[in-house]
Amino acid sequence: MAIACPKLLVRFLGLPRSLPSVARQPLPCLLPARSSPIPVLRAVRRTAKARTLSAVKDDQSLSSIITELEQEQEEDETAAGEDVTRRLPERWREIHGRDDWAGLLDPMDPLLRSELLRYGEFAQACYDSFDYDPFSRYCGSCKYNRRRFFSSLGLEGIGYEVTRYLYATSNINLPNFFTKSRAGAKIWSQRANWMGYVAVSDDETTARLGRRDIVVAWRGTVTRLEWIADLMDFLRPVSSVGIPCPDPSVKVESGFAELYTDKDPTCRFCKYSAREQLLTEVRKLVELHSRAGEEVSISVTGHSLGSALAMLSAYDIAEMGLNVGEGGERVATTVFSFSGPRVGNGHFKERFEGLGIKAIRVVNVHDTVPKVPGILFNERVPAFLRKLAEALPWSYSHIGVELPLDHRRSPFLKETVDPSCFHNLEAHLHLLDGYHGKGHRFVLASGRDPALVNKACDFLKEHHMVPPFWRQDENKGMTRAHDGRWVQTDRQEVDDHPEDTQHHLRRLGLADDHHH
């Protein structure tokens, strides 16, 4: 039985173990580096307490005052967070990039930070639910039943329902990305890997968000970065993989395109490509909710390779015209990317943005993945060089707006040369929570537990006493049978595809290419 690992409630304030003198540990270091919306009376009371610190000599008294101030700070931040999220129905289009996030990144807009963390959690859920264990009969699948996906992860209150799982196969060898069981024939699938899911907000969350939100979350890679070399090949026209782009100069990395569009008619899980699975589900959900008169949004998220698939699939949704409601209204489509590589060339960027899709990319400036492919020729070189290099097969361009973060700004993280730490998604979410703008002090805005950073890496300073790589299933999925032997638990039948998939493929004009 798998153990759900909810966020720990421990708060790491990053304080020294002792306070030798008040002068060396001034009170302002305990407080957020932002204006506080607390009432005037509370501010006066806090100021009075701060003044008493200069006269405090007893360690116990000092600790008592600090504890009270911490409690008040938490109350203020909770109230401020509630006040910020109440404005989401009126601000969600701005948060989703209507104005390309102008004026929201420096200083960091609290509501935008909150939403970025929320969509990052959707991407992180892909990692926390994926079975990587080569000794598992279900290696390469999702560990949890679709109908209990979020509750199995301790995310009961997230307010979304998973409507479909996404699977992929690849006709190219991807040993560093596609995981396979060592159980031989005793496995759930020889060819497929679980790649993510589609979810939709429930009625209560829809009312809070101000629209019905369709989320697409793609799985990436946790620690092994060799997949980059596996997939970096050459640029190819998107039209060559079936995406109906009228411009043959619009090109994407061939490895990403093949992973998105490959299928295997002999496999129960990947007889439809990841592309076909996604497009049919998005089409169905947009029609259902727009027909009911609801405002709808499409939010696509992913980390690492999942970010590349997020960019490609969001573009495909728009190119196919699926971001249009029943009444002809445009459905806002936004990519929330975390540590993603470049996906296509300059023409792809122009086409992507010309279709009205918005993208924000959260990156750690020390991470190598967002720097590839296109190390020599990319969006950062002078325009005349970029123009000359456009015809070359290694000229790439990032899309959207970048939010650069620096892990060296966090007092919780240690010095390391491990590139997988720089790339880790939980580390990105930690940095995002502490970011208030360039030059601002690192202060965790939501109190997101730093222990989550070490869930799948070794990045926290040792004095926090959080073991590295701490998240795992109880007994690695082994349970004791009635006869006393230890065995792997059988899971419920793995979800494959809805019965109406073929029907929706015909409506999209994609069924001609399909073979059962």
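Since the structure is predicted, the reported quantities are computational estimates derived from the model, not experimental observations. (Residues numbered from 1 in each chain as written. Predicted model: local features only at pLDDT ≥ 70, side-chain atom pairs only at ≥ 80, totals over all residues. Heavy atoms only, no water.)

Undergrad: Is there a simple way to think about helix 15 (residues 501–508) in this case?
TA: Turn by turn, an α-helix covers 3.6 residues, leaving residues three or four places apart pointing in a common direction. For helix 15, the set of buried residues is Thr-501, Gln-502, His-504, Leu-505 and Leu-508. Buried positions in helix 15, seen along its axis, are confined to an arc of 160 degrees and lie on one side of it. Along its buried surface, helix 15 packs onto strand 1 (160–168) and helix 9 (274–291). (Buried < 20%, exposed > 50% of the residue type's maximum accessible area, 1.4 Å probe, protein only. Helix = DSSP H or I, 4+ residues; strand = E, 2+ residues; numbered from the N terminus. Arc of directions from axis to C-beta. Contact = heavy atoms within 4.5 Å.)

Undergrad: Help me understand the sheet that holds strand 3 (residues 212–218), please; the structure alone is not making it clear to me.
TA: Sheet strands pair by backbone hydrogen bonding; their relative direction is either parallel or antiparallel. As summarised here, the arrangement of the seven strands in space is 1-2-3-6-7-8-9, forming an open sheet in which the pairing is mixed. Only two strands of the sheet have a single neighbouring strand rather than two, namely strand 1 and strand 9 (401–405). When the angles between neighbouring strand axes are averaged without regard to direction, this sheet yields 15 degrees. Here strand 6 (residues 296–303) runs beside strand 7 (residues 332–338); their pairing, made up of seven bridges, is parallel. Looking at the pairing, Ile-298 lines up with Thr-333 of strand 7. (Pairing = 2+ DSSP bridges. Axes fitted to C-alpha atoms, helices over the stretch in contact; angles between N-to-C directions.)

Undergrad: Help me understand the environment of Arg-146 in this model?
TA: Along the chain, Arg-146 falls in the loop between helix 4 (110–129) and helix 5 (149–152). For Arg-146, a relative accessible area of 15% puts it in the buried group. Residues Arg-146 and Ala-199 lie 53 residues apart in sequence; the distance between their C-alpha atoms is 10.0 Å. In contact with Arg-146, not counting residues within four places along its chain, are Val-162, Thr-163, Arg-164, Tyr-165 and Asp-495.

Undergrad: Just to check I follow, could you spell out the nonpolar core for this structure?
TA: As a rule of thumb, soluble globular proteins bury nonpolar side chains together. Within the largest apolar cluster, 69 residues are counted, with the highest numbers of intra-cluster contacts made by Phe-149, Phe-150 and Tyr-197. Looking at this core element by element, the count peaks at ten residues for helix 4. Tyr-197 has contacts with Phe-122, Ala-125, Cys-126, Phe-149, Phe-150, Val-162, Arg-164, Tyr-165, Leu-166, Val-215, Val-216 and Ala-217, leaving out every residue within four places of it along the chain. (Core = buried A, V, L, I, M, F, W, Y, C linked by side-chain atoms within 4.5 Å.)

Undergrad: Would you mind showing me how to read the side chain of Arg-275 here?
TA: Examined against the element boundaries, Arg-275 turns out to sit in helix 9. For Arg-275, a relative accessible area of 5% puts it in the buried group. There is a polar contact of 2.6 Å between the side chain of Arg-275 and the side chain of Asp-316. If sequence neighbours within four positions are ignored, Arg-275 has contacts with Gly-242, Ile-243, Pro-244, Tyr-260, Thr-261, Asp-316, Met-320 and Leu-510. (Polar contact = N/O pair within 3.5 Å; in protein donor to acceptor, adjacent residues only side chain to side chain.)

Undergrad: Help me understand the pattern of salt bridges, please; the structure alone is not making it clear to me.
TA: Pairing is possible between side chains of opposite charge, provided their charged atoms come close. Taken as a whole, this structure holds 31 salt bridges when the rule is applied. Note that Arg-291 and Glu-326 form a salt bridge whose closest N and O atoms lie 3.5 Å from each other. Of this pair, Arg-291 sits in helix 9 while Glu-326 sits in the loop between helix 10 (305–319) and strand 7, and the two are 35 residues apart along the sequence. A salt bridge links Arg-361 to Glu-402; the shortest N-O distance between them is 3.2 Å. You can see Arg-361 sitting in strand 8 (residues 358–364) and its partner Glu-402 sitting in strand 9, a full 41 residues away along the chain. The class for Glu-402 is partly exposed, based on a relative accessible area of 25%. One network of salt bridges, in which partners are shared, links Glu-121, Asp-128, Glu-426, Arg-448 and Lys-455. (Salt bridge = Lys/Arg side-chain N within 4 Å of Asp/Glu carboxyl O.)

Undergrad: I keep staring at the packing of helix 3 (residues 88–95) against helix 4 and nothing clicks. Help me out?
TA: Pairs of packed helices are described in terms of their axes, by the angle between the two and the distance that separates them. Relative orientation of the contacting elements helix 3 and helix 4 amounts to 75 degrees, with a least axis distance of 11 Å. In terms of orientation, helix 3 lies roughly perpendicular with respect to helix 4. Listed contacts from helix 4 to Leu-88, Arg-91 and Ile-95 of helix 3 are Leu-111, Leu-112 and Glu-115. Across the contact of helix 3 with helix 4, the residue classes tally to four nonpolar, no polar and two charged. (Parallel < 35°, antiparallel > 145°, perpendicular 65-115°, else oblique. Nonpolar A, V, L, I, M, F, W, Y, C, P; charged D, E, K, R; others polar.)

Undergrad: Is there a simple way to explain the pairing of strand 1 in this structure?
TA: When a strand is regular, its side chains alternate between the sheet's two faces. Extensive coverage of strand 1 is indicated by the burial of eight of its nine residues. Looking at chain direction, strand 1 and strand 2 (residues 193–201) are connected through eight bridges and run antiparallel. Bridging from a neighbouring strand, Leu-166 pairs with Gly-196 of strand 2.

Undergrad: Looking at this structure, how should I read unusual backbone geometry?
TA: Negative phi values dominate among residues other than glycine, just as trans dominates among peptide bonds. That bond from Asp-106 to Pro-107 is cis: its omega, 5 degrees, falls within 30 degrees of zero. Mapping Pro-107 onto the fold places it in the loop between helix 3 and helix 4. Omega for the bond connecting Val-372 with Pro-373 falls within 30 degrees of zero, at -20 degrees, which places this linkage in the cis form. Within the fold, Pro-373 resides in the loop between strand 8 and helix 12 (383–389). For Asp-100, which is not glycine, the phi dihedral falls at a positive 55 degrees. With respect to the helices and strands, Asp-100 occurs in the loop between helix 3 and helix 4.

Undergrad: Whenever I open this one, the packing of aromatic side chains confuses me. Can you help?
TA: The description of two aromatic rings rests on the distance between their centres and on the angle between their planes. Enumeration over the complete set of coordinates arrives at 18 aromatic pairs. Between the aromatic rings of Phe-130 and Trp-194, the centroid separation amounts to 6.4 Å while the plane-to-plane angle is 20 degrees, which identifies the pairing as stacked. You can see Phe-130 sitting in the loop between helix 4 and helix 5 and its partner Trp-194 sitting in strand 2, a full 64 residues away along the chain. A relative accessible area of 2% means that Phe-130 is categorised as buried. Using a relative accessible area of 0% as the deciding quantity, one classes Trp-194 as buried. Ring pairing ties together the aromatic residues Tyr-119, Phe-122, Phe-130, Tyr-132, Phe-149, Phe-150, Tyr-160, Tyr-165, Trp-194, Tyr-197 and Phe-336, which thus form one cluster. It is Arg-118 that lies over the ring of Tyr-119; its NZ or CZ is 4.7 Å from the centre. (Phe/Tyr/Trp six-rings, centres within 6.5 Å; stacked < 30°, edge-to-face > 60°. Lys NZ or Arg CZ within 6 Å of the ring centre and 35° of its normal.)

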